[in-house]
Amino acid sequence: MQRSPDTHLCARLLLAGALAALAGCASTGTTPPSTTPLAAWPDRLQALLPADVLLLGEQHDAPDHQRLQRETVLWLAAKGQLAAVVMEMAESGHSTLALPRDATELQAQAALQWNDAAWPWKAYGPVVMAAVAAGVPLLGGNLPRAQMRAAMGEARWDQHLPAPALAQQYQALRDGHCGLLPESQIAPMARIQIARDASMARTAQQALHPGQTVLLVAGSGHVLRSLGVPTHWPASLVSKVALAQSGQALNAIKNEATKHDGADTVIETPALPPRDACAELREKWRPARPAP
């Protein structure tokens, strides 16, 4: 039986890991977060503690954000305050728990079943290895890819967010995919996004340790308090959200984060070289030409 164009595109999204491109495109709330230059981050980090979980949101193509994550791991570990690191970039069920401090990068990649095509090890390896060398467990938090298709059909996720927040989630998907995603796939893809948040929240909760902080690293859209991972936690869990954004951040991130309570602090990093991400996505999704 021939699939519909919508089904074809959805399958391509799952296989290509295109969901990563939409992380960090929306937020909700009312209170403006403080803004912190990169150089002032250690002082601001201290001010955010104590917290059961510190969520650090990134723009995936900003190297300064991954450097910031590594610095955060080193700073918290040096003070004996880091219980664990949970990363969107590895699937739940995989961790470095069994590795010694002197484990190699290859051993860490094998333990985490790292997908270098989706998440370049060159960018995130230093974060992982800082945790390993400090003797701090690094845990995959993302929903396993094998479960994503099933999550698309789980209508229970449609009820998780209040209607205004769900509407923002839908709009974030439209914006994050440059209007190329068929409208019939908006709700199913939002279910995946919410299910991924639930997976990361569950992993972080399992890693909680009294008197220490779990660091959760994910794309900006996943960490926002009123839209992402924190919506899956009990009110008794104390979390703080720090959002890193570059000068070239998507308007949907920059505008919303500076006027809503999705984050406690915004860390400004230098602008990235200009690029037309939508043109790149249109080219990537262009139907293949038939062979001559």
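Reading the values: the criteria
Residues numbered from 1 in each chain as written. Predicted model: local features only at pLDDT ≥ 70, side-chain atom pairs only at ≥ 80, totals over all residues. Heavy atoms only, no water. Helix = DSSP H or I, 4+ residues; strand = E, 2+ residues; numbered from the N terminus. Buried < 20%, exposed > 50% of the residue type's maximum accessible area, 1.4 Å probe, protein only. Contact = heavy atoms within 4.5 Å. Areas by Shrake-Rupley, 256 points an atom, 1.4 Å probe, with all protein chains shown as cover. Disulfide = S-S within 2.5 Å. Axes fitted to C-alpha atoms, helices over the stretch in contact; angles between N-to-C directions. Parallel < 35°, antiparallel > 145°, perpendicular 65-115°, else oblique. Nonpolar A, V, L, I, M, F, W, Y, C, P; charged D, E, K, R; others polar. Salt bridge = Lys/Arg side-chain N within 4 Å of Asp/Glu carboxyl O. Phe/Tyr/Trp six-rings, centres within 6.5 Å; stacked < 30°, edge-to-face > 60°. Lys NZ or Arg CZ within 6 Å of the ring centre and 35° of its normal. Pairing = 2+ DSSP bridges. Expected span 1.5 Å × (residues − 1).

Caption draft 1: Quick peek at the overall build of the chain. The helix and strand tally for the chain stands at 11 helices and seven strands. Going through the 292 residues of the chain one by one, you find that 50% of them count as buried. Summarising the internal contacts of the chain: among those between residues at least 6 apart in sequence, 79% fall at separations of at least 24. Accessible area for the chain stands at about 13300 Å²; split by element, carbon and sulfur atoms hold 55% of it.

Caption draft 2: Quick look at the state of the cysteines. Scanning the entire structure with this criterion turns up one disulfide. Here cysteine 178 connects covalently by a disulfide to cysteine 278, the sulfurs 2.1 Å from one another. Sign of the S-S torsion, about -85° for the bond between cysteine 178 and cysteine 278, identifies this disulfide as left-handed. Placement of the pair is cysteine 178 in the loop between helix H7 (163–176) and helix H8 (186–206) and cysteine 278 in helix H11 (residues 277–284), with a sequence separation of 100 residues. Assessed through its relative accessible area of 24%, cysteine 278 is described here as partly exposed.

Caption draft 3: Quick look at the packing of H7 against H8. Closest axis-to-axis distance for the H7/H8 pair is 10 Å, and the angle between their directions is 105°. In this view, H7 runs roughly perpendicular relative to H8, as classed from their interaxial angle. Contacts from Leu166, Gln169, Tyr170, Leu173 and Arg174 of H7 reach H8 at Ile186, Ala187, Met189, Ala190, Gln193 and Ile194. When the residues that make up the contact of H7 with H8 are grouped by side-chain class, the tally is eight nonpolar, two polar and one charged.

Caption draft 4: Expanded view of the side chain of arginine 191. Along the polypeptide, arginine 191 turns up in helix H8. In this structure, arginine 191 is in contact with Ala151, Met152, Gly153, Glu154, Ala155, Trp157 and Asp158, ignoring residues within four places of it in sequence.

Caption draft 5: Main features of the pattern of salt bridges. Summed over all chains, the structure comprises six salt bridges. The shortest N-O distance in the salt bridge between arginine 156 and glutamate 154 comes to 3.3 Å. For arginine 225, the salt bridge identified is with aspartate 264, shortest N-O distance 2.5 Å. Taken together, the positions of arginine 225 in the loop between helix H9 (220–223) and strand S6 (239–246) and aspartate 264 in the loop between helix H10 (251–257) and strand S7 (265–269) put the pair 39 residues apart, joining distant regions of the chain. Among the residues examined, aspartate 264 registers a relative accessible area of 24% and is labelled partly exposed.

Caption draft 6: Highlighting the packing of aromatic side chains. Counting across every chain of the model gives three aromatic pairs. An angle of 85° between the planes, with centres 5.1 Å apart, marks the rings of tryptophan 114 and tryptophan 121 as edge-to-face. Exposure class is identical for tryptophan 114 and tryptophan 121. Each is buried. Their ring planes at 45° and their centres at 6.3 Å tell us that tryptophan 114 and tyrosine 124 sit as a pair that is tilted. Separated by 10 residues along the polypeptide, tryptophan 114 in the loop between helix H4 (105–112) and helix H5 (121–133) and tyrosine 124 in helix H5 bring together distant segments of the chain. Tyrosine 124 matches tryptophan 114 in its accessibility class, with the two residues each being buried. Note that arginine 156 overlies the ring of tryptophan 157, its terminal NZ or CZ placed 4.1 Å from the centroid.

Caption draft 7: Examining the pairing of S6 more closely. Among the eight residues of S6, seven are classified as buried, and the element is accordingly described as predominantly covered. As defined by bridge partners, strand S2 (residues 53–58) adjoins S6 across five bridges and the pair is classed as parallel. Each residue of the ladder has a partner; that of leucine 55, found in S6, is valine 241.

Caption draft 8: Summary view of the environment of alanine 134. Along the chain, the position of alanine 134 falls in the loop between H5 and strand S4 (138–142). Of the residues examined, alanine 134 reaches a relative accessible area of 24% and is grouped as partly exposed. Those residues within four positions of alanine 134 in sequence are excluded, and the remaining contacts are Ala77 and Arg101.

Caption draft 9: Region of interest: H7. Given a rise of 1.5 Å per residue, 14 residues ought to cover 20 Å, and the 20 Å separating the end C-alpha atoms of H7 matches this to within 8%. The elements touched by buried residues of H7 are H8 and H11. Where H7 ends, the next residue or the one after it, cysteine 178, has phi of about 55°, a positive value.

Caption draft 10: Looking closely at the pairing of S4. Counting buried positions along S4 yields five of five residues, so the element is predominantly enclosed. Neither face of S4 is exposed, since Leu138, Gly140 and Asn142 on one face and Leu139 and Gly141 on the opposite face are all buried. Of the strand pairs in this sheet, strand S3 (residues 82–91) and S4 are connected by four bridges, and their pairing is parallel. From the neighbouring strand, methionine 87 faces S4, where its bridge partner is glycine 140.

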